[in-house]
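# Coordinate analysis (summary)
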Amino acid sequence: MASRLPSSPAELLDVAAKARLVSGGDTFRTSGEPAVGLFPIVCSDGPVGVRGERWDEEDTALLLPCATALAASWDERLVHRMGGLLAAEARRKGVHVLLAPTLNLHRSPLGGRNFECFSEDPLLTGRIGAAYVAGVQSGGVAATAKHYVANDAETGRLTVDVRVDERTLREVYLAPFEAAVRAGVWAVMSAYNRVNGTPMVEHPLLAEPLKGEWGFDGLVVSDWGSVRDAVGPGAAGCDLAMPGPNPAWGAALAAAVRSGAVPLAALEDKVERLLRLADRVGAFDPPPAVRAPVPVGAAVRAELRAAAAAGTVLLHNPGRLLPLDGASLRRVAVLGPNAATARVQGGGSASVFPAAPVSPLAGLRAALGPGVAVEHAPGVRTGLRPTPLAAADCVLPDGSGPGVLVRYLAADGSLLHAEPRSTGRVLEPSAEVDLSPVRTVEVSTVFTAPSSGRWRFGVVGLGALRLTADGAVLLDEYVAPVSDDPTYLHVAPSFRQAELELAAGRRVRLVARRAVEAAHGRVLVLAADPPAAELEREFAAAVELARAADVAVVVVGTTDEHESEGFDRAGLELPGGQDALVAAVAAANPRTVVVVNAGSPVLLPWRERVGAVLTCWFPGQEGGHALADVLLGRVEPGGRLPTTWPDAAADCPVYSTAPAGGRLEYAEGLHPGHRGWLRSGRTPAYWFGHGLGWGEWRYLALDADPAPGPDGSWAVRVAVRNDGARRSRETVQLYLSRPSSAVERPVRWLAGFGRVEAGPGERVDVELRLPARAFQHWSTAERAWRTEPGAFTVLAGPHAGELPLTAVLRPGARARAAATPRPRR
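Residues numbered from 1 in each chain as written. Predicted model: local features only at pLDDT ≥ 70, side-chain atom pairs only at ≥ 80, totals over all residues. Heavy atoms only, no water.

## Focus on the overall build of the protein chain
Here is the rule: Per the convention used, a helix needs a DSSP run of H or I reaching at least four residues, while a strand needs a run of E reaching at least two, with both numbered from the N terminus. Per-residue accessibility, obtained with a 1.4 Å probe over protein chains only, is compared with the maximum for each type, and a residue is labelled buried under 20%, exposed over 50%, and partly exposed between these values. By definition, residues are in contact when any of their heavy atoms lie within 4.5 Å. Each accessible area value is a Shrake-Rupley result obtained with a 1.4 Å probe; residue values ignore everything except the protein chains displayed when judging cover. Positive residues here are Lys and Arg, negative ones are Asp and Glu, while His and the chain termini are left out of the count. Note that the charge is assigned to NZ on lysines, CZ on arginines, CG on aspartates and CD on glutamates.
For the protein chain, the count of helices and strands is 18 helices and 36 strands. Counting the 825 residues in the protein chain, one finds 61% classified as buried. A fraction of 76% describes how many contacts in the protein chain between residues 6 or more apart in sequence connect residues 24 or more apart. If you sum the accessible surface of the protein chain, you get close to 28,900 Å²; carbon and sulfur atoms cover 53% of it. Taken as two groups, the 85 positive and 89 negative side-chain charges of the protein chain have centres that lie 4 Å from each other.

## Structural notes on the nonpolar core
Rules: We call a set of buried Ala, Val, Leu, Ile, Met, Phe, Trp, Tyr and Cys residues a nonpolar core when their side-chain atoms join them within 4.5 Å.
Of all hydrophobic cores here, the largest spans 80 residues; its most connected members are Tyr-148, Val-149, Val-185 and Leu-210. The element contributing the most residues to this core is helix α4 (residues 76-92), with seven residues. Once residues within four sequence positions are removed from consideration, Val-149 is found in contact with Leu-169, Tyr-173, Leu-174, Phe-177, Ala-191, Asn-193, Val-195, Met-200 and Leu-205. By size, the runner-up hydrophobic cluster in this structure holds 43 residues, among which are Val-97, Val-227, Ala-230 and Val-281.

## Points about the sheet that holds strand β34 (residues 792-797)
Selection rule: For two strands to pair, DSSP has to find at least two bridges joining them. Here an axis means a line fitted to C-alpha atoms, over the contact stretch when the element is a helix, while the angle between two N-to-C directions is reported on a 0 to 180 degree scale.
Taking strand neighbours across the sheet as the criterion, the four strands line up as β30-β29-β34-β35 in an open arrangement whose pairing is antiparallel. Among the strands making up the open sheet, the edge pair consists of β30 (749-758) and β35 (805-809). Going across the sheet, the axis of each strand differs from the next one's by a mean of 20°, ignoring polarity. Bridging between strand β29 (residues 728-737) and β30 involves nine bridges; their strand directions are antiparallel. By the bridge assignment, Gln-733 is partnered in β30 with Phe-753.

## With respect to the packing of helix α13 (residues 360-368) against helix α17 (residues 623-631)
Helix-helix packing is characterised by the crossing angle of the two axes and by the distance between the axes. Cut-off, in case you're wondering: Each angle receives one of four descriptions, namely roughly parallel if under 35 degrees, roughly antiparallel if over 145, roughly perpendicular if within 65 to 115, and oblique otherwise. It is the rotation of the near helix from the far one that decides the hand of a crossing: anticlockwise by less than a right angle makes it left-handed, clockwise makes it right-handed. Throughout this entry, Asp, Glu, Lys and Arg are counted as charged residues, while Ala, Val, Leu, Ile, Met, Phe, Trp, Tyr, Cys and Pro are counted as nonpolar. The remaining residues, Gly among them, count as polar.
The N-to-C vectors of α13 and α17 enclose an angle of 55°; their axes lie 7 Å apart at closest approach. Between α13 and α17, the angle is such that the two are oblique. Handedness of the α13/α17 crossing: right-handed. Across the interface between the two elements, Pro-360, Gly-363, Leu-364, Ala-366 and Ala-367 from α13 touch Gly-624, His-625, Leu-627, Ala-628 and Leu-631 from α17. When the residues that make up the contact of α13 with α17 are grouped by side-chain class, the tally is seven nonpolar, three polar and no charged.

## Some words on the packing of aromatic side chains
Centre-to-centre distance and the angle between the planes together describe a pair of aromatic rings. Quick note on the threshold: Aromatic contacts are taken between Phe, Tyr and Trp rings whose centres are within 6.5 Å, Trp giving its six-membered ring; a plane angle under 30 degrees counts as stacked, one over 60 as edge-to-face, and the others as tilted. For a Lys NZ or an Arg CZ to count as sitting over a ring, it must be within 6 Å of the ring centre and within 35 degrees of the ring normal.
Considering all chains together, one arrives at 14 aromatic pairs under this definition. Centre to centre, the rings of Trp-74 and Phe-753 are 5.0 Å apart; their planes meet at 80°, and the pair counts as edge-to-face. Highlighted residues: Trp-74 in the loop between α3 (67-72) and α4 and Phe-753 in strand β30, separated in sequence by 679 residues. The same class applies to Trp-74 as to Phe-753, namely buried. Of the aromatic side chains, those joined through ring pairs into one cluster are Trp-74, Phe-688 and Phe-753. Note that Arg-51 overlies the ring of Trp-55, its terminal NZ or CZ placed 3.6 Å from the centroid.

## Looking at the side chain of Lys-270
We apply this condition: Throughout this description, the term salt bridge denotes a Lys or Arg side-chain nitrogen within 4 Å of a carboxyl oxygen of Asp or Glu. Counting of polar contacts relies on pairs of N or O atoms within 3.5 Å, with two restrictions inside protein: one atom must be capable of donating a hydrogen and the other of accepting it, and residues adjacent in sequence are counted only when both atoms are side-chain atoms.
Among the secondary structure elements, Lys-270 is positioned in helix α11 (residues 264-281). Here Lys-270 sits buried without a salt bridge, and the closest side chain of opposite charge, Asp-239, lies 4.5 Å off (N-O distance). At a separation of 3.0 Å, a polar atom in the side chain of Lys-270 contacts the main-chain carbonyl oxygen of Gly-234. Dropping the residues within four chain positions of it, Lys-270 is found in contact with Val-22, Leu-219, Pro-233, Gly-234, Ala-236, Gly-237, Cys-238, Asp-239 and Trp-249.

## Thoughts on helix α7 (residues 175-182)
The buried fraction of α7 is high, at six of eight residues. Taken together, the buried positions of α7 are occupied by Ala-175, Pro-176, Phe-177, Glu-178, Ala-180 and Val-181.

## What to know about the sheet that holds strand β9 (residues 313-316)
Spatially, the six strands line up as an open sheet ordered β9-β25-β24-β23-β10-β11, and their pairing is mixed. The open sheet is flanked by β9 and β11 (373-377), the only strands paired with a single partner. Recorded for the sheet is a direction-independent mean angle of 20° between the axes of neighbouring strands. Judged from the four bridges that link them, strand β10 (residues 331-335) and strand β23 (residues 551-557) form a sheet pairing that is parallel. Along β23, the bridge assignment pairs Leu-335 with Val-554. Along the sheet, α13 makes contact with β10, β11 and β23, crossing β11 at roughly 170°. Against the sheet, α17 engages β23, β24 (592-597) and β25 (612-615), with an angle of about 145° to β25.

Encoded structure:
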């Protein structure tokens, strides 16, 4: 595509126009500028789906497996293809800039947004992130590397001051962003937090190393709402303040330039970067008509299904219960709170509305067919918040169809807009509506109680809330906001509940209202939760189904209520009595498979008492079909853990995410994740890199070139053999160590990886290259990368805790080693 970039934009625009250009036009659009032929640049959230400009359940989106699941594939080609799918979806929705990927690390397993990040390791995150960036941008859509930098937890994220030394920043937390820049990323988003006292939106790190040493020529965009001053961010490396209009930017920035507080050259550099981005994404061309959602084609669904299977990690399979023999099954119990409802994504700005997500129950029923009785009971409930009404239990007030009626009212009570919706969760209108005169949002429906007892009806929202049932007032309360976090205000604000005794089959008209106040959002949710006695019956029913089944599949995990932007998890235990459910089911049926449906590690106190354990993470819209493929052996679980799973919270090298006095000390330095586990000498439940499949792999030999190549990288070859009875894939991992180092180092660190495939009894050799950076450390004194002279040890194996092959890399002597072959466990 030929460049449309104006040759002399500085001559066409005055200071006010330039400042307006680098200020957001609205929530997800930049400001257009007719003088240079520029249309607004459209941005969208969604690391694994393109939501578009509105939170609208009618505007569906493809939903990929979560970022952790993508990284669990350790497959850069697959991730590149997924990025291409996102680019096509962005183009369909008229989106120029995808606000992803998230390149922060799994520093603590409590991180509420870990599911949105790739891994605990800087190399794995960097390589997978670079593949994602390349895939998205191959479709002419900008990727955005975020959140730069050290935004690795949610607690106090708007104000926390992360204290981290320079070497740790360079080697661990900046490394994935450097990889994204090397991959050509077009945009970087600065984080909310401070680093060593300075807000990231105005931090010197935006200049060096980002725009200077690394040569980043793209745009730095603020995280939404983080620009609160014109001078600091204006003089620093922030190029675009979003959203807009922002009274602290725009005209204020122009005034700061005129006064000399912000150099004119700084403003002109911002304009140049924004126009360069506009040229790259086609924003000098008139925006095409946004196409309506279309049915997802079979080929795309197959890709999403394969991606979900590729990220599924088989953790435990000692008696070879998996894969199941489908032909021998007559009765299967599919149990657990996540079995019938597709828990396919985490919460917050990353969430989208998938068209037809497939649950584990639906996937297994489709795979096994009508000849197998696939029975279900949830056993327990895990909700922390009120459950939005679903169309199955309610009808519109006029009886014309299922769902709820949403009305937007002016100050005088007159109707501005009305629409039916399929659930009681309403974030904003589905149509383009002028919301400025809206003063009241109302949701109404007729609910039919499925069972008798004291039902809990709830309202989610802020301001003056009111809930009536057949005209009787259940709630009438003013709910003040407890946070100014955007996710809290606009996605998951506070809630209130009230109880009402209902007989089974009783119909009741429910009306929920909230007043709309500036800066408090417009979210309104009408919710209903069943009586407690019903929950007790569900537990017993699940155990009885398991006892009578040929195999019990228990799907446990979290939901977008437990893992979300805006807060960190309180602990690693499965919520809502799920551990008790697994223990009871396993006691009733030893042929129990547990599927962990969560975005981050959870504790598995029963793992040695069940037949098999696997994690499918948040698997995206085709997760149920992919899970059935794996359980029945139609495909191999391809995943390897991108983050270490602990046996006990107390063993975690880094656990708490709570700041002390507004500060969060990264006291572990170079040792997050498996590095910290190795330094502590503790053994986790499952090591970083662990994952089983249908093969039995033996590591046979390791061989390396006698010296590094011209670029400083080393060629290393590993020989492995599949001694299993089925064709299989293995992820070969290389680690480096230097026990006698004169500088502090991890016990060992991931330096390379690659995937191999072999049939039964087949030996394969894989050549991997260790980049020069793998041997380097950052010298704070010299402010440069340095390589210690002398020997490094390279170790090869299936995960960080099992590395049977070693060799010494030393210039002038051929490195060779062979270990006693031992089977993959």
